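Observations on chain architecture
So the chains spell out like this:
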Amino acid sequence: MEHEKIRKMQSKLPFLSRGVAQVAYVVEDLEETVMSYHSLFGIGPWHFYTYGKPLLKTMKRYGKPTEYRMKVALSYFGDTRIEIIQHLEGDTVYADFIHKHGYGIQHLGFLVDNMEEALQIVKEAGLVVSMEGGGHGPDGDGYFAYLETEDLLGTTIELIERPKRRQPPEKIFPKQ
């Protein structure tokens, strides 16, 4: 029965067939976790950002404007982006995850070419967008949206429309 729901969802959500582009972890200490990934697995360089104002121009929780902040470090493990997140403040999917599960893998990210179209498809599929944000590219582009899929799939799905260019990171580890 659950497999049938998932198969129907994939046919309704075509961007899932592109595969997982990102694995994201919510952690207590971003710096310590990044150093561990680097020393144990050689993963790096890591690009650090603080998401919230002024970087994010749009922040919503269940469709309503809100404010939140988190520190993020990004790197790659092969072709897969690794995102380490430390929740700082606000009502977020990260705070919900920590409250319910503690720290660990919080979501899988899937790339979309057009977020507006993707969100319309999500709505038609009957899924709920729990948190979203955007405008973090230098040109005001880039957007992310979390879908309430944990009960159905065992994890949260994030849709990602990457900005065409990235803001310079606050720091890079190890230094280049």
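Further up the page is the structure itself.
Structural notes, computed from the coordinates.

1. Points about the nonpolar core
One finds Tyr-51, Tyr-68, Met-70, Tyr-94, Met-131 and Phe-144 to be the most contacted residues of the largest nonpolar core, which totals 18 residues. When contributions to this core are tallied by element, the ones reaching two or more residues are strand E1 (22–26), strand E2 (46–51), strand E5 (69–77), helix H3 (93–101) and strand E9 (143–147). For Tyr-94, the residues in contact, after removing those within four places along its chain, are Val-26, Met-70, Ile-85, His-87, Gln-106, Met-131 and Tyr-146. Counting residues in hydrophobic clusters, the runner-up holds 15 residues, among them Val-112, Ala-118, Leu-127 and Leu-147.

2. Re the environment of Leu-119
Here Leu-119 is to be found in helix H4 (residues 115–124). Exposure remark for Leu-119: the relative accessible area of 21% places this residue in the partly exposed category. Along the chain, Leu-119 and Leu-147 lie 28 residues apart, while their C-alpha atoms are 9.6 Å from each other.

3. Focus: the pattern of salt bridges
With the rule as written, the count across this model stands at nine salt bridges. A salt bridge links Arg-69 to Glu-89; the shortest N-O distance between them is 3.4 Å. Taken together, the residues Arg-69 in strand E5 and Glu-89 in strand E6 (residues 80–89) connect sequence positions 20 residues apart. Overall, the relative accessible area of 42% leaves Glu-89 in the partly exposed class. In this structure, Arg-165 and Asp-139 form a salt bridge, with 2.8 Å as the shortest nitrogen-oxygen distance. Residue Arg-165 is located in the loop between strand E10 (156–161) and strand E11 (171–173), and its partner Asp-139 is located in the loop between strand E8 (129–134) and E9; the two are separated by 26 residues in the primary sequence. Salt bridges linked by common partners bring Arg-61, Asp-91 and Asp-96 together as one network.

4. As for the sheet that holds strand E3 (residues 58–61)
For sheets, the rule is that strands pair by backbone hydrogen bonds, running either parallel or antiparallel. The eleven strands lie next to each other as E4-E3-E8-E9-E10-E7-E1-E6-E5-E2-E11, forming an open sheet whose pairing is mixed. At either end of the open sheet lies a strand with only one pairing partner, and these are strand E4 (64–65) and E11. Relative to E11, E2 runs antiparallel, the two sharing three bridges. If you follow Phe-48 over to E11, its bridge partner there is Lys-171. Docked against the sheet, helix H2 (residues 30–41) engages E1, E2, E5, E6 and E11, running at close to 160° with respect to E2. Here H3 sits on the sheet and contacts E1, E3, E5, E6, strand E7 (104–111), E8 and E9; the angle it forms with E7, its principal contact strand, is near 145°.

5. A look at the packing of aromatic side chains
Taken as a whole, this structure holds seven aromatic pairs when the rule is applied. Relative to Phe-41, the ring of Tyr-37 lies with its centre 5.8 Å away and its plane at 50°, an arrangement referred to as tilted. Here Tyr-37 and its partner Phe-41 are both found in helix H2, four residues apart, which amounts to about one turn of the helix. Under the relative-accessibility criterion, Tyr-37 is labelled buried at 16%. By relative accessible area, Phe-41 is classed as exposed at 55%. Following the ring pairs from residue to residue traces out a cluster consisting of Tyr-49, Tyr-51, Tyr-94, Phe-144 and Tyr-146. The positively charged end of Arg-166 is found above the aromatic ring belonging to Tyr-49, 5.0 Å away from the centroid. One cation-aromatic arrangement involves Lys-171 over Phe-48; the distance from NZ or CZ to the ring centre is 4.7 Å.

Cut-off values and rules
- Residues numbered from 1 in each chain as written.
- Predicted model: local features only at pLDDT ≥ 70, side-chain atom pairs only at ≥ 80, totals over all residues.
- Heavy atoms only, no water.
- Core = buried A, V, L, I, M, F, W, Y, C linked by side-chain atoms within 4.5 Å.
- Buried < 20%, exposed > 50% of the residue type's maximum accessible area, 1.4 Å probe, protein only.
- Helix = DSSP H or I, 4+ residues; strand = E, 2+ residues; numbered from the N terminus.
- Contact = heavy atoms within 4.5 Å.
- Salt bridge = Lys/Arg side-chain N within 4 Å of Asp/Glu carboxyl O.
- Pairing = 2+ DSSP bridges.
- Axes fitted to C-alpha atoms, helices over the stretch in contact; angles between N-to-C directions.
- Phe/Tyr/Trp six-rings, centres within 6.5 Å; stacked < 30°, edge-to-face > 60°.
- Lys NZ or Arg CZ within 6 Å of the ring centre and 35° of its normal.

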